Structures are given as C-alpha cells and as structure tokens.
Amino acid sequence: MSRHKLVKSLDLDDELEDYDGGDDYGDEDGESYGTENLRLGTIKVRELLPQGSGHINDKQIQEALWHYYYDVDKSVAYLRKEYMAKPKKEQKKATGGSRSSFQPHMHERRVGPFSFSDFFKDMPWLNVPKDRQAVFIAPLYPRGGLLGGSSDDAPKMSKLQALAAARKKKAQEQKLNGASGMERPMAELSLSDRANCSADKIESPMATSTMKQSSRGFPLRKRKNSDPHEIPAKPVSRMEQMSNSDDNANTALLSLELDQAEPSAFASTMFNSKDRSSPRPSPDDVVIAAQSKGVLKTTGEKKTDQITANVEALKVDDTRRATSKNLDVLKEFEKVAKKNEANFVVIGHVDAGKSTLMGRLLYDLKVVDQRTIDRYRRDAEKMGKSSFALAWVLDQGTEERSRGVTIDIAVNKFSTDKTNFTILDAPGHQDFIPNMIAGASQADFAVLVIDASTGAFESGLRGQTKEHALLVRSMGVSRIIIAVNKLETVSWSQERFDEISQQVSAFLSSAGFQPKNIAFIPCSGLHGDNIVRRSTEPALTSWYSGSTLVEELDKSEPVTRALDKPLRITIGDIFRGGVQNPLSVSGRIESGSLQVGDALLTQPATQKCFIKALEVDSEPADWAVAGQNVTLHLSDIDPIHLKIGDLLCSPSSPIINIKEFKAKVLAFEFLTPMQIDVHRGRLHTTGKIREISSLLDKVTGATAGKKRPRIVKPGQLARVIVELETAAPLEPPGRVVLRSNGATVAAGLLE
Amino acid sequence: MTDRRRINGPSGGTSAPVYSKYLTKGPSDVDRPTRTRAPNVLRKMFLKTGVTPSASGSAYLELEASKNPKATSPGLATLSTSGLKLTCTVHGPRPLPKSAPFSPHIILTTHVKYAPFATRRRRGFVRDASERDLGVHLETALRGVIIGDRWPKSGVDVIITILEGEEDQWWGDDRGQGSTSAGEWGIMSVLSGCITVASAAIADAGIDCVDVVSGGVAAIVRESGNEEKPSSINLVLDPVPSEHQEILAACIVGYLPARDEITDLWAKGDIGNENQESASQNYAYEDLADNAVQAALGSYRVLVGALKEAADMKMR
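Residue numbers run consecutively from 1 along every chain, following the written order of its sequence. The naming scheme follows written order: chains are lettered A onward, ligands numbered 1 onward. Reporting of local features is limited, given that this is a predicted model, to residues whose pLDDT is at least 70; pairs of side-chain atoms are given and counted only at 80 or more, and all residues count toward the totals for whole chains, interfaces and linings. Excluded from the side-chain calculations are hydrogens and water; all other atoms, namely the structure's heavy atoms, are used.

## Overview of the overall build of chain B
Item 1. Within chain B, the secondary structure is distributed over four helices and nine strands.
Item 2. Burial analysis of chain B (316 residues in total) assigns 55% to the buried set.
Item 3. Here the accessible surface of atoms and residues is derived via Shrake-Rupley with a 1.4 Å probe, and residues count as covered only by protein chains that are part of the display. Just so you have it, chain B exposes about 14000 Å², and 52% of that area is on carbon and sulfur atoms. Helix numbers and strand numbers start at the N terminus; a helix is a DSSP run of H or I with at least 4 residues, a strand a run of E with at least 2. Exposure categories follow from relative accessible area, calculated using a 1.4 Å probe and restricted to protein chains: below 20% of the type maximum is buried, above 50% is exposed, and the middle band is partly exposed.

## Looking at the packing of helix H3 (residues 186-205) of chain B against helix H4 (residues 285-314) of chain B
All names here are of chain B.
Item 1. Fitted lines through C-alpha atoms serve as axes, helices being fitted only where they are in contact, and the angles separating the N-to-C directions of these axes extend from 0 to 180 degrees. Remark: H3 packs on H4, axes separated minimally by 10 Å, with the N-to-C direction vectors making an angle of 25°. The orientation of H3 with respect to H4, classified from their angle, is roughly parallel. Two packed elements cross with a definite hand, and for H3 against H4 that hand is right-handed. On H4, the residues touching Thr196, Ser199, Ala200, Ala203 and Asp204 of H3 are Ser299, Leu303, Leu307 and Lys314.
Item 2. Following the grouping adopted for this structure description, the nonpolar residues are Ala, Val, Leu, Ile, Met, Phe, Trp, Tyr, Cys and Pro, the charged ones are Asp, Glu, Lys and Arg, and the polar ones are all others, Gly among them. Across the contact of H3 with H4, the residue classes break down as four nonpolar, three polar and two charged. Convention used here: angles under 35 degrees read as roughly parallel, angles over 145 as roughly antiparallel, angles from 65 to 115 as roughly perpendicular, and any remaining angle as oblique. Whether a crossing is left-handed or right-handed is set by the direction in which the near helix is turned from the far one by less than a right angle, anticlockwise for left-handed and clockwise for right-handed. The contact criterion used is simple: two residues touch if any of their non-hydrogen atoms lie within 4.5 Å.

## Considerations on the pairing of strand S8 (residues 584-591) of chain A
Residues and elements named next belong to chain A.
Item 1. Of all the eight residues making up S8, seven are buried; the element is thus mostly covered by neighbouring parts of the structure.
Item 2. The criterion for strand pairing is that DSSP finds at least two bridges linking the strands in question. Here S8 pairs with strand S14 (residues 629-635) via five bridges, running antiparallel. By the bridge assignment, Gly587 is partnered in S14 with Val630.

## Regarding helix H23 (residues 494-511) of chain A
All names here are of chain A.
Item 1. Across its 18 residues, H23 extends 25 Å between first and last C-alpha, which sits within 8% of the 26 Å expected from 1.5 Å per residue.
Item 2. Buried within H23 are the following residues: Arg496, Phe497, Ile500, Ser501, Val504, Phe507, Leu508 and Ala511. End-on, the buried residues of H23 take up no more than an arc of 145°, which puts them together on one face. Looking at H23, the residues exposed on the side facing more than 90 degrees away from the buried face are Glu495, Gln502 and Ser510.
Item 3. Where the residues of H23 are buried, they touch strand S4 (445-451), helix H21 (456-462), helix H22 (464-474), strand S5 (479-485) and strand S6 (518-522).
Item 4. Pairing of N or O atoms within 3.5 Å defines a polar contact, subject to two protein rules: one partner must be a possible hydrogen donor and the other a possible acceptor, and residues neighboring in sequence count only if both atoms are side-chain atoms. Two or three places before Glu495, at the start of H23, stands the capping residue Ser493, its side-chain oxygen 3.3 Å from that residue's backbone nitrogen.
Item 5. One or two residues past the end of H23 sits Gly512, with phi positive at roughly 115°. A helix is expected to span 1.5 Å for every residue after the first. Directions from the helix axis toward the C-beta atoms define the arc.

## Let's talk about the state of the cysteines
Item 1. Cysteine sulfur atoms are paired as a disulfide whenever they fall within 2.5 Å. Applying the stated criterion to the full structure yields zero disulfides over all chains.
Item 2. With no disulfide partner, Cys649 of chain A has as its closest neighbouring cysteine sulfur the one in Cys609 of chain A, 9.5 Å distant.
Item 3. A disulfide-free cysteine, Cys194 of chain B has its sulfur positioned 8.1 Å from the sulfur of Cys88 of chain B, the nearest such atom.
Item 4. Classification of Cys194 of chain B by relative accessible area gives buried; the value is 1%.

## Structural notes on the environment of Ala410 of chain A
Residue and element names in this part refer to chain A.
Item 1. Structurally, Ala410 is set in strand S2 (residues 410-415).
Item 2. Sequence separation between Ala410 and Gln396 is 14 residues, and the spatial gap between their C-alpha atoms is 8.2 Å.
Item 3. If we skip the residues at most four places from it in the chain, Ala410 touches Leu394, Ile423, Leu424 and Asp425.

## Remarks on the sheet that holds S5 of chain A
Residues and elements named next belong to chain A.
Item 1. Strand order across the open sheet formed by six strands is S2-S3-S1-S4-S5-S6, with mixed pairing between neighbours. Every interior strand has two partners, whereas the edge strands, S2 and S6, have only one. Averaged over all pairs of adjacent strands, the angle between their axes in this sheet comes to 25°, without regard to strand direction.
Item 2. Docked against the sheet, H22 engages strand S1 (340-348), S4 and S5, running at close to 150° with respect to S1.
Item 3. Sheet contacts for H23: S4, S5 and S6; angle to S6, the most-contacted strand, approximately 160°.

## Description of helix H3 (residues 35-48) of chain A
Residues and elements named next belong to chain A.
Item 1. Helix length check: H3, at 14 residues, gives a terminal C-alpha distance of 20 Å against a target of 20 Å (1.5 Å per residue), a fit within 8%.
Item 2. What H3 keeps buried is the set Leu38, Gly41, Thr42 and Val45. With its buried residues spanning 110° around the axis, H3 presents them on a single face.

## Here we look at the sheet that holds strand S6 (residues 214-223) of chain B
All names here are of chain B.
Item 1. The antiparallel open sheet is built from four strands, whose spatial order is S7-S6-S8-S9. Each edge of the open sheet carries a strand with a single partner, namely strand S7 (232-237) and strand S9 (261-269). With strand direction ignored, the average angle separating the axes of adjacent strands in the sheet is 15°.
Item 2. Bridging between S6 and strand S8 (residues 246-256) involves nine bridges; their strand directions are antiparallel. The residue of S8 that forms the bridge with Gly216 is Val253.
Item 3. Seen against the sheet, H3 touches S6, S8 and S9 and runs at an angle of roughly 165° to S6.
Item 4. Here H4 sits on the sheet and contacts S6, S7, S8 and S9; the angle it forms with S6, its principal contact strand, is near 135°.

Limitation: the analysis is restricted to geometry and does not speak to function.
This is how it looks when you write it as structure tokens:
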C-alpha cells in the first residue's frame, strides 16, 4: 500500500480542518498484547511517582506507558508534568474522543519500526529540565551495507516489530470485519482524488479556460468526496455511465484492491525452493565433506604405517612421487639369470696405450662399427695423430682428443659370452689422479697397461704405473691383469716381456697383490694382437700360447655383491635427463639395493628425495642392486643439494657426516701431521692428519714400534686420526686415499 | 545481423502443433480471449526484489496471465494469453573502466533482451531493433530518477531479461496472413513492466533516487460489434493485446508519483477521431496519457509494497 503516496498527496489544509487536535494514539489494541508489560510497567511507575499522585489511575499510567513504549522513566516524567500540574486536561484525552480521519495515517506511522518524531515527542529544544533528561540509547540505525542481493530469510523479529506485526494483523482482521470501514476511503483518497483531477483536466479543454490550470497540466488536488465503496461495487454501471456521459475520465478509476499477486508456479519454484532445499546439504557439499574426511583418514593411516617403518618418512607428502611396487629386490635379482657383471678399471702410465687398447677391444668386439673407426682415423690423420684413432673411441672430449690424453674416466660397455663388462678408462696423467681414483673406486678388478717399448717401461714404473697399482690396491682391488702393450715395438721380444713381468710382479707383490691374482698378457693395442684375436705373429706365438686379454677378463670370478648391506651410491654424474626428469644422477651402487619409489637421503646435504624412475645400463628398470651402474631420476629435491661425489643412502640406515675419523693407512710418502686431501671415490675434501696414533706391523697388523710417532716413513703402516674441514659422509670400512700437493701420500681403510 | 555463433532454433512459432481433428470446436470459432477485467482494473502484479544474489540489486516482476474462463478446448489453454515475466539485475554503482572518460555523474546503461523463448515468434540471441528501442526508453525513464551526482566516475548497468513477453496480437489472428496491422502493441506492456522492475531493482541496489518510478499503459481499443452490441471504442488500462481485436492507440508513461513528474512518455497509434460519429467517444491523447498515469500509480503501489516488504526483512 502506498502510504508514502497518501501522505505526500494529502491536502493538509483539508485534513487539518478535520483534525480535532487530539493526539490520542489508538489504544484500542492495547489489551490484546503487551498486557503483561503494561502491568509490570504500571507497578514500576507507581513506585517512581512522587507523593500526591494518587489521583492518577492505572489507565492513565498505561496510556503514558503506551506512549513511551514502556519507558518507565519517560512515562513518570510525562505523568508528573501532565497530571500533577493539571490533571483535568488529561481526563479529556483519556477518553479518546472522536476518531479523526487523519488517525489511520498516524496509526500507520506507529506501525513502522522506528520513528524519530515519536522519539523526540514533546521534548523542548534546549534547557531541558532536569527531570526530563533521560539516558539516550543509541538509536536503531538500519543495518549497514547496500540493500542489494538480500536473502529473504525471515529475520528474527524485534520486540517492536512483533508489536507492529500484531497491530497489522489486528488491523487486517478489523478490515475484514468491516469494522474499520472508515479507513478505506482514506486509503483510496489519492486515487480517487487523482481521478477527479483527471476529470478536471478532461473537462478543461471543453471549458476553454485551461489557462487557469497549473502549468504542469495537473491541477491542484481538491478533495472531492466520492464514495469509494461504490467504485468496486458497480464497475459495469460506471462503464455505462462513462460511455454516455462526459464523466468519461472515470475510466481511470483503478481497482482499489490492487495488490501484489500471488507468485505464479514459475516464480514460486524459482524463489521458494530455497527453503525446501536448505535443510539438506547440496550434493557438492556432501562430496566435499566426504573428500575431506577421506583425506584425513588416509593421512592418518599413512602416519601410523610410516612410524613403524621409519620416522623420517613422516614429513613426506606423497603427492607427486612414483609409487613403489614394493618388490623384494633380492628375490627379483635371484630370479633373473643374469650374466656376470664386472667393472674393471684400466690403469697405467700416461701414453701406455690404455685408451687405444680399449678402443681396439671395443672395435674387435664390434661394439664400435667400422664406419666410426674410419671417421676417427680420418679425423686423427687430419690432426696428425693417426695412432690415436682407436683411443678416440673412449676419449670423446675435444680437449682429450687435441691433447691426446685421457682426462676424465670414460665408461663403455661390452659383453662376452659369460660376462657383461664395464670399462672404466682411467686417465694416466698424474694431474688427473683424482679422476683415476674415482674410476678405481668403482672397479672390481684392474687392467694395468704397461708400455713395453724401450725406456717407456722404466719411466712408467717411476711414474704412474706404481702409483696406480698402489692406489687400486688400496681401493680394494685385489685382481690385476697386466697387459704388456706395444710389444711389437720390441719385435715381440720374450726377454723384454720376462723382464717386465719380473719387475712388475715383484712390485705388485710388495704392494699386496697375491701372485695368483696377477696375470701377464703380451699384446699390441695398435694392431690388436692377443686382445680379442689370438696373435698370428710368429715371433710371439713361438714363445706365448696363453690366453688373450678377453679370455683373461672372462676368467675373473664373479664378485660377491654387498646386497644385504645398506644402500650406498656415490654420485658419478648429475645431469638433466630430459623434460620429464629434470634431475638425474648416475653412479654405481656400492652396496644394497633400490627400486622405483624409494626414498633416498643425500649426504652431506641431508636432503630427502625420491626415485621417480631408474635405468640400469640405459634400460628402464624397476629395481637395481649393488654392482650395477644406474641412472636415477630423482624428484622432490633441488639440484643445489647435489654435487658430484655426494652419497645417496637409504633414510632408514643413513651414512653419517663425520668431521674426524681414524684410519689404518699405508704410507707412500712421509706422513707427518699435515694438510691433506681425503679422497673417497669421487668425493674429496680437505683435512689434516691430526694425530698419528701408532705404527702397525704390516704382516700381523699389531701395534709395532713406539706410540705416537712423529713421522711415518713410506711403506709403513700406521693408524692416523684425520680431521676434516667440512663434515663428509664416511663410514668404515670405507677406503680413502690421502693426497698432498698433487701426490698420493697414503691410502687406507677407515676404522 | 545474422547470428553465426550459435545454432539457432527456427525463428517461427515454437508451440506444438494442435491438430484440428482433436479440437472439440471448429478451428474457426476458437475462443479468442476476452478481457474479463474491468477497463480500469490492472492485472495483478507479483514483484519481488533481491532475487539474484550476485547482483547489487535485482527484481522479478510477473503479471498474471489473464485467464479465459471459457477455454476448455484441449491444447488451447496455453495458447490463449501469456503473462509477463521480467527479471532485472542492477550492477553498480561500480567504477568506470580506466579507458572511460571522466564523468561527473553516474553513467546509466540499460540493456533489455528478450529470451529466445519469450514470445511465440522466437527471438534471436543478438538484440534486435525493438530490444534496443526498449533499452533507450528504459534509460530515458530511469535517467532522471537516479541522483547521479552522488556517484561521479561510476557506472550502473541495468539488465533486464524478458522471460515471457507480451504477444503483439492474438495468435489466432496471425494465421498465415502475415498481417502486420497489429503493430507492436506488446512492447508497450513490456516497457511498462521494465520500468517498474528496473525501479525496484535500483531501489534494491540501494542507489539513491528521487522517487521510485513506475510504468503504466493505457490503450484505446476497438471492440468489434455483434448483434446485440454495436462496436465500441473503449479506453482500457493495462491492455493485453491478445484480448482485444484492435488496438487503436496506446500510451506508456514512466511516472514519479511523489513529484508528479513523467519521466518517459511514449504514445503510438491513431485514435482516429475524425471518422467517429459520436462525439461522446472522443478520446484525446491527453486522456490516454492521464490514464496511463493512473495505471502507473497502480503499479507504484505494488512497487512500494514490495520494497517495503523487502526493507522490513532487512531492518531489524
């Protein structure tokens, strides 16, 4: 209903004529609600009223309370002012008097949630007397925010609203009963008024006196008393009336009971469905709730599992890593009837022909095809080094080729009927001993290449031949094959071969190789005699009928693998294994086994990572065991935590970073408490010999000589304590090489 | 402009065919809907604000379909008349895009679109001329109502989707002749509804207005005569085009009752006084406008009632 409209369009002068000045707010509803409040309020007011207020009756008090919305203080103030001073006047007011036509509007106003004009009613401006001053409660401001997008959840009704609702309801009941018939003409006031105005206007062109009308075109409204009850009652007669009378503008009479229509089926479906569906959670909510529950549950289970397995794995979130197939790697390994695997390192003095010998081996075994060798030959001839062509099979680097020396260990593979071999071609030059140590640390046995040409053998023995032999022995290599190379340069002389054999075997025996583990083979790398094919040189065949190099290699017994020991891998290389595998490492599994999905711990960085995938001999595999050269594709780790020489181990039995260790070492040079480099495979770090504990007997290993010697002479066995500058992952029985100033000073075993 | 982006349905009528052999009455004497309301009675209106939670303000307006009390023949009930269903969303006031030039007052954008299924004649997905026309009229009606100075550099978008529109004529009159004599009478009722619903949505959005504007339509219709009743020309409020054989003229106003101002007025048609023999039936365009104002007042009351209801919900 358009109360705004009614109020705005009221002709105030008209209204005020009818207005009898009474400010009675209809109390006809008073009994129906709030009687309890009234009763309580009355008692309170009675208490607060001063003496001599006996003449004020309950009704008056209730009236006052009603006025002030049960505000006791205000009511008291009001009653005191009104009744104590001039009790007569109020009597009249209390009777209510005749109801004015204005009353419904005022009444309607009070229905509203809050009215400031009521709040400040009969409050004088300024100089408020003491007894009228009241405590102000913060006014009821509307809720903040824009009105838009409201949900139509029924708000909780305030007391005031409840009151208003009750009034409204009552008023409607009265309307239905026709009791308040007086109100309706008022409600229709503006409309009928409007209609009459229109009538005025329609008449005006006929009357030709339009100039008197307001410029707006709509004249000032005069209240004409049309009986509104007639309008809905007989519309037809009206129609007839307008069709034949000049009062035709009465067409505009509206339906006076025009109201909100009920929503259609469409609308009620659209807007009321909310209430129906709200108690039930939506399917999405159900799913989300279930998912969150499921996540909680699974993580909980995982935790308990992993606590029993290992505590470290607790921190793991397993979102991206490959799932482990939980293979029993050792059983899998037993099932596979694999050929023997053997790694050997090729050592020897620089220019002994190690690379050429291995190139010949690979070429003759058809690992490298003719075309490649032809190309190498051509290229080598261009550089004036035609004899290096075979060496280029292993020496791939440009610097290696241009200088004609091997710098880093080169890895290649070949297989015989019995065994798969991995060649580790070590550099012979003394500047690259650390690389040679790295290669030797991965080897099961060694091939020592000796240059048999005149003078070369002698210089070699003084040079790296001895050092290499000592190193591989101290790295744990017990079997050694000596290839006496370049024997064609001395025209396959047996004396030369025997001389070399005697000298070398004597030295090797002193170095700790057992005679049965030493084999000598006369051969020529450049021509390929006695390498794969048996030599046809009559000068050689006359005195040598033993095995070729490959036959000798095949005789090597399968090494026992440390499968049951905890996992240890020294990282030999770090590279980007493609888009899918941003971080890959390669190396030889020294002990233990692993499979896809395993967690690994990197030392010395102590970072955890996972095996996303792994390759054994460039073939994808699910597992790998000790002795194999593997490429691991890692996940969940940043490459900055890895460097070549780092160690990978299993988190359950990790290798510990230590800063000090005790070792039993064989001295090659004089050892004093001094600065040294400690090499363990690829890993090397600086440190110093802090203390030489004791000298040991070479044969028995028992303590010999005086305690705490100041110096260890070459060839002596000693127990030393080494302090490292930075902690390194070392553990017994690890083999370490101590070097100083570019020379190997000692090698030994951790204790 | 053809719409190449979508696979559109046929542009013609989409109602299921009604076979004449199933009609209990002959196809020729299918009951045409007639106006059962008094000429001065508006259709009942359902108006609800706050229907779109994501918009700043929104409203839904529905005019009840006029029922044909005699429509008992099968299949034809749905064809008789339609109600009007409009939904309006108001987005804003929100900042103008950076590319827009400075504006000291709010920029009002109106957008009126028929849903493709809104009328018997299928509407395209791209706004056609009549829809753009509606948008311009709506903007005219609303522009003066919003107190635009309070939001410099901002814009408000009023988007109305007509879910069910008013037919331009009774479907029975549209049988193949391709008669275009009817003109677009339905657009008048639609515009009136658009003004009212947009006003409600703007109020729901909490945008300051001088008053709520409401729309109203009045029309002069010619009722064809028969034996007992000669043909007559009547002035009716809130005309439903399908209920009248011929609409001579119609007028729609956007009216501000509190200020007694008209923000938009659009009259069309020819009353044709010159060939009327009875002077008493002379209707002037002023009558038309005045009665449209009366209709606007009727919808104003519903509008205010709905807004009050919504406000009561929010004020605690």
